[in-house]
Amino acid sequence: MSGARYVSLVWGQVRHNNRVFWRTPAAAFFTLALPVIFLILFSVIFGDVEVGGGYSFSQFFAPAMAVFAAVSSSFSNLAIGVSYARDQGILKRVRGTPLPAWVYMAGRICSGVWFAVLSVSIMFILGWAFFGFHMVWANLGTALVVFVVGIATFSALGLAVCAVLKNADSSPAVANGVFLPMAFVSGIFIQLDDAPRWLQILGDIFPLKHFAGPFGEAFDPLRQSPILGWEHLGVMILWLVFGMVIITRYFTWDPRGA
């Protein structure tokens, strides 16, 4: 089969998964609408706060919400969506069709990436249109590198969570129970400079802080020092490898009850 044919098959799976996403109001709300609500609420509450140089609060908060939305689109979307597809027997039936299994999974992952890109774009457009956010175009390349590695990491971790779950009913609780506390200890909503040292160390362990930190700094107009250190990429890549190991060891295409 030619490469063009494989691309066509993957694209067909992406379109299918996109349609399924829009037909699931809860998924669309938590993935796209909830970060927008957070952006609007925090920007309105702290709209009068100006950072050095006269920059708005949204200049620093919009990138954090963009990362929050992107991780929700990849990590939570895959962990929950693939779990339900497995319990419904969809994954098992895919293995029995001529469609290569990797094509189906690539379609799932690429659909999550598409919604991650869409959610980031929404955050920046809203921040620019209403709350004084300005792009720092000189650092866009760095932001893209961080985004690609971060999305790859959280896509792998989302599938890893799916791999260890016994049933799909527990997937929303587990995915959100992992993601939301991680967001708080990673400084997504509030800075933790004055938090207890152990809480800061806990945030340093998880990959979300190493995604949100350099991504947000890429849009910080006051930043003078280098943005992307190898420690950020190193931590995310270690978690990416960890996720791949869990997937390889525990992921199954058959329902757990089978």
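It should be noted that the structure appears before, not after, this text.
Because the structure is a prediction, the values reported are computed rather than measured. (Residues numbered from 1 in each chain as written. Predicted model: local features only at pLDDT ≥ 70, side-chain atom pairs only at ≥ 80, totals over all residues. Heavy atoms only, no water.)

A. View of the overall build of the protein. Across its full length, the protein holds 10 helices and 2 strands. The N-to-C order of helical and strand elements in the protein reads α-α-β-β-α-α-α-α-α-α-α-α. For a compact globule of 258 residues, the expected C-alpha radius of gyration is about 18 Å, and the protein comes in at 19 Å, within 12% of that figure. For the protein, the proportion of its 258 residues judged to be buried stands at 48%. Sequence-distant contacts in the protein: of pairs separated by 6 or more residues, those separated by 24 or more amount to 82%. Of the roughly 13,000 Å² that the protein leaves accessible, carbon and sulfur atoms contribute 68%. Within the protein, one finds 15 positive and 11 negative side-chain charges whose respective centroids are separated by 22 Å. (Helix = DSSP H or I, 4+ residues; strand = E, 2+ residues; numbered from the N terminus. Rg over C-alpha atoms; globule rule 2.2 N^0.38 Å. Buried < 20%, exposed > 50% of the residue type's maximum accessible area, 1.4 Å probe, protein only. Contact = heavy atoms within 4.5 Å. Areas by Shrake-Rupley, 256 points an atom, 1.4 Å probe, with all protein chains shown as cover. Lys, Arg positive; Asp, Glu negative; His and termini not counted. Charge placed at Lys NZ, Arg CZ, Asp CG, Glu CD.)

B. Spatial organisation of the side chain of S58. You can see S58 is positioned in helix α3 (residues 58-87). The class of S58 is buried, set by a relative accessible area of 2%. Aside from chain neighbours lying at most four places away, what touches S58 is L39, S43, P63, G127, F131 and F133.

C. Expanded view of a nonpolar patch on the surface. A cluster of nonpolar side chains, F29, F30, I37, L41, I45 and F46, forms an exposed patch at the surface whose accessible area comes to about 560 Å². Checked against the element boundaries, L41 lands in helix α2 (residues 25-45). (Patch = residues over 30% accessible without salt bridge, like charges linked within 9 Å, V, L, I, M, F, W, Y side chains within 5 Å. Salt bridge = Lys/Arg side-chain N within 4 Å of Asp/Glu carboxyl O.)

D. Structural view of the packing of aromatic side chains. Applying the stated rule across the entire model yields 30 aromatic pairs. A ring pair is formed by F68 and F189, whose centres lie 5.4 Å apart and whose planes are at 65 degrees; its orientation type is edge-to-face. Of this pair, F68 sits in helix α3 while F189 sits in the loop between α7 (171-185) and α8 (197-205), placing them 121 residues apart in sequence. Comparing F68 with F189 shows no difference in burial state: the two are buried. Across the ring face of Y250, the terminal group of R249 is positioned such that the distance to the ring centre comes to 4.9 Å. (Phe/Tyr/Trp six-rings, centres within 6.5 Å; stacked < 30°, edge-to-face > 60°. Lys NZ or Arg CZ within 6 Å of the ring centre and 35° of its normal.)

E. Representation of the packing of helix α5 (residues 101-130) against helix α6 (residues 140-164) within the structure. Direction vectors running N to C along α5 and α6 enclose 130 degrees, while the axes themselves pass 11 Å from each other. Between α5 and α6, the crossing angle belongs to the class labelled oblique. Crossing of α5 against α6: the hand is right-handed. For the pair α5 and α6, the contacting residues are M105, I109, V113, A116, V117 and V120 in the first and F147, I151, S155 and L159 in the second. (Axes fitted to C-alpha atoms, helices over the stretch in contact; angles between N-to-C directions. Parallel < 35°, antiparallel > 145°, perpendicular 65-115°, else oblique. Left-handed = near helix turned anticlockwise from the far one by under 90°.)

F. Spatial organisation of the nonpolar core. Counting residues in hydrophobic clusters, the biggest one holds 43 residues, and the most contacted among them are I188, L208, F211 and F215. Taken together, the elements giving at least two residues each to this core come down to α2, α3, α5, α6, α7, α9 (207-217) and α10 (230-250). Looking at which element gives the most residues to this core, the answer is α3, with 10 residues. What L208 contacts, discounting residues up to four positions off in sequence, is V67, V71, F154, F179, M182, A183, S186 and I188. Judged by nonpolar contacts, the second largest core, of 16 residues, contains Y104, C162, I246 and W253. (Core = buried A, V, L, I, M, F, W, Y, C linked by side-chain atoms within 4.5 Å.)

These results come straight from atomic positions and should not be treated as a statement about function.
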